[in-house]
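Descriptive analysis of the structure
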Amino acid sequence: MKVLGINGSHRRDGNTHLMLGKALEVCERNGFDTEQVNLADLELGYCTVCDACKSEFTCSLEDDVMGVLEKMASADAILVATPVYFGGVTGRLRTLFDRTLPLRRNGLMLSGKLGAALAVGGSRNGGQEMSIQQIHAWMLIQEMAIVGDMKTAHFGGIATAHKPATVEADETGMNTVLNTAENICRRLK
Ligand SMILES: Cc1cc2nc3c(=O)[nH]c(=O)nc-3n(C[C@H](O)[C@H](O)[C@H](O)COP(=O)(O)O)c2cc1C
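None of the values given here were measured: they were computed from a predicted structure.

A closer look at helix H5 (residues 128–141)
In this model H5 runs 20 Å from its N-terminal to its C-terminal C-alpha over 14 residues, within 8% of the 20 Å that 1.5 Å per residue would give. Residues Gln128, Ser131, Ile132, Ile135, His136, Trp138 and Met139 constitute the buried set of H5. Mapping the buried residues of H5 onto a view down its axis gives an arc of 155°, with all of them on the same face. Those residues of H5 that are exposed and angled more than 90 degrees off the buried face are Gln133, Leu140 and Ile141. Buried residues in H5 make contact with helix H2 (65–74), strand E3 (77–83), helix H3 (91–99), strand E4 (114–121), strand E5 (145–146) and strand E6 (157–160).

And the structure:
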């Protein structure tokens, strides 16, 4: 079984990458295959609402998105991670969500898959919960089954890191990230 991680950061090797990497390590230790997709590495255009996806699983844009959608469709669980940008998810992640319309329109291809959200912000109450709610909304509209963090028992992984590569120093936040990954594994099993 496979857990796919989506890193919505505009910075490839930032706190989001580190945070998601730690979560995926938990999944590997539990015996699952993992892969991290970094949106910063990809060509990702806006949905043009051309409706090509209305009748078949396709997209008229020739960028990297269909490859990501195929990875989503073959995953058993999807961990979506974002830095907080102005109180919400990044523009890159929002753009990917819009582009997942072919998955919804062609038999709800993510229906029943597990999903969990992770957010890291520079401030302690900088919008992590709102970012997670935006990710959860996307998951619900794709008919996914949402998992939160067990033990700490809230909305998913919520971390604070103001400077680059410092997220691991937020012990309380990282616990919620690792618990979320453990909970995904528990539910997959
Ligand atoms: C454009 C922009 C907007 C941001 N807005 C917020 C915000 O609203 N709240 C917050 O806590 N942090 C905010 N931050 C800080 C980042 O969320 C934080 O530095 C995070 O660790 C960056 O993750 P990354 O290293 O993966 O890029 C913002 C950063 C940028 C670049």
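That was the structure; now back to the text.
Description of the site of the ligand
The full set close to the ligand counts 17 residues, and Asn15, Thr16, Val84, Phe86 and Gly126 are the nearest of them. Residue Arg11 places a side-chain N or O atom 2.9 Å away from an oxygen atom belonging to the ligand. Val84 places a main-chain nitrogen or oxygen 2.7 Å from an oxygen atom of the ligand. Protein contacts shield 75% of the accessible area of the ligand, which totals 640 Å² for the unbound molecule. At a threshold of 2 Å from the grid points, most atoms of the ligand map onto the second largest pocket. Secondary-structure elements contributing two or more residues to the shell around the ligand are helix H1 (15–29) and E4. Looking at side-chain class alone, the shell around the ligand contains six nonpolar, ten polar and one charged residues.

Re the environment of Val89
The residue Val89 is located in the loop between E3 and H3 in this model. Among the residues examined, Val89 registers a relative accessible area of 10% and is labelled buried. Between the C-alpha atom of Val89 and that of Gly45, which follows or precedes it by 44 residues, the distance is 17 Å. In this structure Val89 touches Thr82, Pro83, Arg94, Ser131, Gln134 and Ile135, once residues within four positions along its chain are discounted.

About the cut-offs
- Residues numbered from 1 in each chain as written.
- Predicted model: local features only at pLDDT ≥ 70, side-chain atom pairs only at ≥ 80, totals over all residues.
- Heavy atoms only, no water.
- Helix = DSSP H or I, 4+ residues; strand = E, 2+ residues; numbered from the N terminus.
- Expected span 1.5 Å × (residues − 1).
- Buried < 20%, exposed > 50% of the residue type's maximum accessible area, 1.4 Å probe, protein only.
- Arc of directions from axis to C-beta.
- Contact = heavy atoms within 4.5 Å.
- Near = heavy atom within 4 Å.
- Polar contact = N/O pair within 3.5 Å; in protein donor to acceptor, adjacent residues only side chain to side chain.
- Areas by Shrake-Rupley, 256 points an atom, 1.4 Å probe, with all protein chains shown as cover.
- 1 Å grid on protein atoms, 1.4 Å probe; cavity = no way out; pocket = protein on both sides within 12 Å on 5 of 7 lines; lining within 4 Å.
- Sits in = over half its atoms within 2 Å of the grid points.
- Nonpolar A, V, L, I, M, F, W, Y, C, P; charged D, E, K, R; others polar.

Any functional reading would require information that these geometric values do not contain.
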